[in-house]
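# Observations on the model geometry
Okay, here's what each chain looks like letter by letter:
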Amino acid sequence: MADHPYASMPPYASWRRSFQDIPMTEVDPVAKFPMTVSPTDKVATAGSCFAQHIARRLRASGFTYFVTEPGHPLLSEKLRAEFGYGVFSARFGNIYTTRQLRQLFDRCYGRFSPVEDMWRKGARFLDPFRPTIQPDGFASEAEFRADRAQHLAAVRRMFEELDIFVFTLGLTEGFVSREDGAAFPVCPGVAGGTFDPERHIFVNERAAEVVENMSVFIAGLRRVNPRARVILTVSPVPLKATAEDRHVLQSTVYSKSVLRVAAQEIADSHADVAYFPSYEIITGAYNRGAYFGPDLREVEEAGVEHVMRLFFRHATATAGEAPPPAPAPPRKKDRSIARARAATAVVCDEELLDIEPVGGAED
Amino acid sequence: MTTMFCVGNSHLAAVAKGASIADIPVLALAMRHKLAKHKEGELGEAFWAKISEEVATRKPTRIFAFIGGGTPAMLGLLRHSEPFDFVLPDAPTLPLSEGSTVLPYDAVRAIASAHMRRHFRRLNRLAALGVPVVQCETPPPVPDNGFLARHVAQTHPEVDVASISPPAMRYKIWRLHSQLFEQFCKSRQIGYARNPPEVADADGFLKQEYWGDIVHGNARYGAAVLRQLKELA
């Protein structure tokens, strides 16, 4: 038998042995993962749309999905979803670019205050850095300011107390302020604000910029939370549109390639940072596009299932199955409303004692 | 003198008690009794049949409604275990309670609206009787947390002054409640009568001479309301 480096490589290093005669759902491109998430680790998530799937699955699993802005108990599940509570670990909406993440961290610690920090929409007020977080924006500037302060405090707490930060890199394209480089998640004018070429400029990050943004962010995170570990993923969701003058498929491949390269460089050069290949699981040719929906963008549930099964197999001490959901953490039992109802009922009944009821005296 | 045809829940009582002070005759029809018993928050058909009969017999020119009013107390009288507050858009400088979670105004509004839905249904039913209806605002909140705590402690001894929500927060919920009623009435061509200006202090709270219990005005308050409504009757 010939002696060369490939001869001693494990099966997963061989394309043929990784895919031949292996059912699609059993393909496992993770191979090995250098980190173990325990059920008691506080796992926080942020990033692009695909991160929402990870967040949803973690929440439903027996793991500790760490949320510092869960929404007040008075709010129904429906209201919480409408107002962006619990979608991610804090109420920041989608964070598509590493520049956004780096700036969010700096804003939390007072190191960056964007000049363009509020948009008006008729009588309402929008947060340029999470413009769709509420259905119609904020009802007053005072509410907007109070909520933002509360939000940034919640994000600070998330950074300082998390054990694992799962970040899904989504895009390299984006619009920023010419004045101070503030990165908007959505181009001004789309969900709010007004696009002004004098004030806004399109940027398309290169791999080195992504690496730098993430490195600066990780250094900052470690300063406030030395035990923090980071898991990076790349969103497999193609660009909805490109601002480059070229085909959207070319821009998608460029963007995802940059993010994939950057993720590897970051993982290779930082301790306690790992790359999890959800991108490969969803986009790999082995599944012949089966994990994309009819629009070729949305990720099918089966794809998310495949990703999470491998996540639980390789990144946790479970055998590929999520542990049964833990019972919901006990909320402080609140009796204020029941007490108020009871106290009010007493006085209301007393008030009406002297009034002739409709239809005559009571039984 | 025209008799004021009044229908409603417990806030109706202040008006009934104030009739003699204001020297204005009142017919007060309370939404209680076996005919008015709730079935999933609705009043029975027998109740509405009786109200229709009264309207047909007495032929009022207006019906004054004192429907609802429990929402502000329910949501805001006692401090929640996770205290919350919100910014009222038309009074954004009112203070936020220290240590409370700020909820979106729209979310609080949605919660209050959901709570008031059955009151809106009742107003609709009343308006369908064919006589102009005027819904009357509930009294503003009492500013004195000590007074409220003593009152509630009579039935809930564990409640003390620290259990009562800050006055500004209670005021905001009351005002939101009034705004929701007023907007609903406007959308249905139902009249809406705000409180007589003299019952509120400079900060909008109920003046002490009009306090009844934790949520209701007294007979003097009822008389002030009646004197104002008389102009509309």
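Coordinates for the structure precede this section.
In what follows, the accompanying structure is described. (Residues numbered from 1 in each chain as written. Chains lettered and ligands numbered in written order. Predicted model: local features only at pLDDT ≥ 70, side-chain atom pairs only at ≥ 80, totals over all residues.)

### Details of the overall build of chain A
Our working rule: For the purposes of this entry, the term helix denotes a DSSP run of H or I that reaches at least four residues, the term strand denotes a run of E that reaches at least two, and both are numbered from the N terminus. Neighbour counting defines burial: a residue surrounded by 20 or more other C-beta atoms within 10 Å of its own C-beta is buried, one with 12 or fewer is exposed, and intermediate counts give partly exposed, using backbone-placed C-beta atoms. Note on contacts: each residue gets a C-beta atom placed from the backbone, and two residues are in contact if those atoms are within 7 Å.
Of regular secondary structure, chain A possesses 10 helices and 10 strands. Along the first, second and third principal axes, the C-alpha set of chain A runs to 105 × 55 × 45 Å. Taken over 363 residues, chain A has a buried fraction of 42%. Considering only contacts in chain A between residues 6 or more positions apart, those separated by 24 or more positions represent 69%.

### Notes on the nonpolar core
Here is the rule we go by: Any nonpolar core is a set of buried residues, restricted to Ala, Val, Leu, Ile, Met, Phe, Trp, Tyr and Cys, that join up through C-beta atoms within 7 Å.
Membership of the largest hydrophobic core comes to 88 residues, with the highest contact counts inside it found for C6, L12, V15, V26, A28, A65 and L226 of chain B. Leave out the neighbours within four places in its chain, and L12 of chain B touches I355 of chain A together with C6, A28, A30 and F66 of chain B.

### Quick look at helix α5 (residues 141-161) of chain A
This is how it is decided: Each helix should span, by expectation, one fewer than its residue count multiplied by 1.5 Å.
In a regular helix each residue adds 1.5 Å, so 21 residues correspond to 30 Å; α5 of chain A covers 30 Å between its end C-alpha atoms and thus fits that length. Among all positions of α5 of chain A, only A142, E143, F144, D147, H151, V155, M158 and F159 of chain A are buried. As for α5 of chain A, its buried residues are in contact with β1 (42-47), α4 (98-108), β4 (124-126) and α6 (207-224) of chain A together with β7 (101-102) and α4 (105-127) of chain B.

### Some words on helix α7 (residues 248-269) of chain A
Residue and element names in this part refer to chain A. In plain terms, the rule: Arc definition: it is the arc formed by the directions from the helix axis to the C-beta atoms.
Here α7 spans 31 Å end to end across 22 residues, near enough to the 32 Å set by a 1.5 Å rise per residue. Taken as a whole, α7 has its buried residues at S251, S255, K256, V258, L259, A262, A263 and I266. Each buried residue of α7 sits inside an arc of 155 degrees when the element is viewed along its axis, so together they form one side. More than 90 degrees from the buried face of α7, the exposed residues found are L249, Q250 and D268. Of the surrounding secondary structure, the elements contacted by the buried residues of α7 are β5 (164-169), β6 (173-177), α6, β9 (229-234), β10 (273-275) and α8 (278-283).

### Looking at the interface of chain A and chain B
Stated formally: Charged means Asp, Glu, Lys or Arg here, nonpolar means Ala, Val, Leu, Ile, Met, Phe, Trp, Tyr, Cys or Pro, and polar covers whatever is left, Gly included.
Contacts between the two partners involve 37 residues from chain A, matched on the other side by 47 residues from chain B. Listing elements by their share of the side of chain A that touches chain B, those giving two or more residues are α5 and α10 (336-352) of chain A. Tallying contributions element by element places α10 of chain A first for the side of chain A that touches chain B, with 13 residues. Looking at the side of chain A that touches chain B residue by residue, the class counts come to 20 nonpolar, seven polar and 10 charged.

### Comments concerning unusual backbone geometry
All names here are of chain A. With a phi close to 50 degrees, R288 is a non-glycine residue in the positive phi region. As for its placement among the helices and strands, R288 is situated in the loop between α8 and α9 (301-315). Notably, L296 is not glycine yet its phi reads approximately 60 degrees, a positive angle. You can see L296 is positioned in the loop between α8 and α9.

### A closer look at the sheet that holds strand β8 (residues 200-204) of chain A
Residues and elements named next belong to chain A. Worth spelling out the cut-off: Whether two strands pair depends on DSSP finding at least two bridges between them.
The antiparallel open sheet is built from three strands, whose spatial order is β7-β6-β8. The sheet terminates laterally at β7 (183-184) and β8, the two strands that pair on one side only. Of the strand pairs in this sheet, β6 and β7 are connected by two bridges, and their pairing is antiparallel. Directly across from F175, in β7, lies its bridge partner F184.

### Re the packing of α4 of chain A against α5 of chain A
Geometry of a packed helix pair, given as the angle between the helix axes and the separation of the axes. Residues and elements named next belong to chain A. Here is the rule: Only the stretch in contact is used when fitting a helix axis, every axis being a line fitted to C-alpha atoms; angles between N-to-C directions are given from 0 to 180 degrees. Any angle between 65 and 115 degrees counts as roughly perpendicular, while under 35 counts as roughly parallel, over 145 as roughly antiparallel, and the rest as oblique.
It is the contact of α4 with α5, at a shortest axis distance of 9 Å, that shows an interaxial angle of 105 degrees. Judged by the inter-axis angle, α4 sits roughly perpendicular to α5. Residue-level contacts link L104, F105, R107 and C108 of α4 to L152, V155, R156 and F159 of α5.

### Here's the deal with the pairing of β5 of chain A
Residue and element names in this part refer to chain A. Taking burial as the measure, the six residues of β5 include six buried ones, the bulk of the element. In β5, alternate side chains face the same way, and those of I164, V166 and T168 on one face and F165, F167 and L169 on the other are all buried. Pairing of β1 with β5, which is carried by five bridges, proceeds in the parallel orientation. Its bridge partner being in β5, A46 is matched across the sheet by F167. Here β5 runs beside β9; their pairing, made up of six bridges, is parallel. The residue of β9 that forms the bridge with V166 is I231.

### A closer look at the packing of α4 of chain B against helix α6 (residues 167-187) of chain B
All names here are of chain B. Here is the rule: By the definition used in this description, the sense in which the near helix is turned from the far one sets the handedness, with an anticlockwise turn below a right angle giving left-handed and a clockwise turn giving right-handed.
Closest axis-to-axis distance for the α4/α6 pair is 10 Å, and the angle between their directions is 55 degrees. Relative to α6, the element α4 is oriented oblique. Relative to α6, α4 is oriented so that their crossing is right-handed. The residues of α6 that touch α4, namely those facing V108, R109, A112, S113, M116 and F120, are L176, H177, L180 and F184. Among the residues forming the contact of α4 with α6, the class breakdown is seven nonpolar, two polar and one charged.

### Some details on the pairing of β6 of chain A
Remark: a regular strand shows side chains that alternate across the two faces of the sheet. Residues and elements named next belong to chain A. Among the five residues of β6, four are classified as buried, and the element is accordingly described as predominantly covered. Of the pairings in the sheet, the one linking β6 to β8 comprises five bridges and is antiparallel in character. For V176, the partnering residue across the bridge sits in β8 and is I201. As consecutive antiparallel partners, β6 and β7 are separated by five residues, and within that stretch G181 has a phi angle of approximately 80 degrees, a positive value.

The values reported here are purely geometric and, on their own, carry no functional implication.
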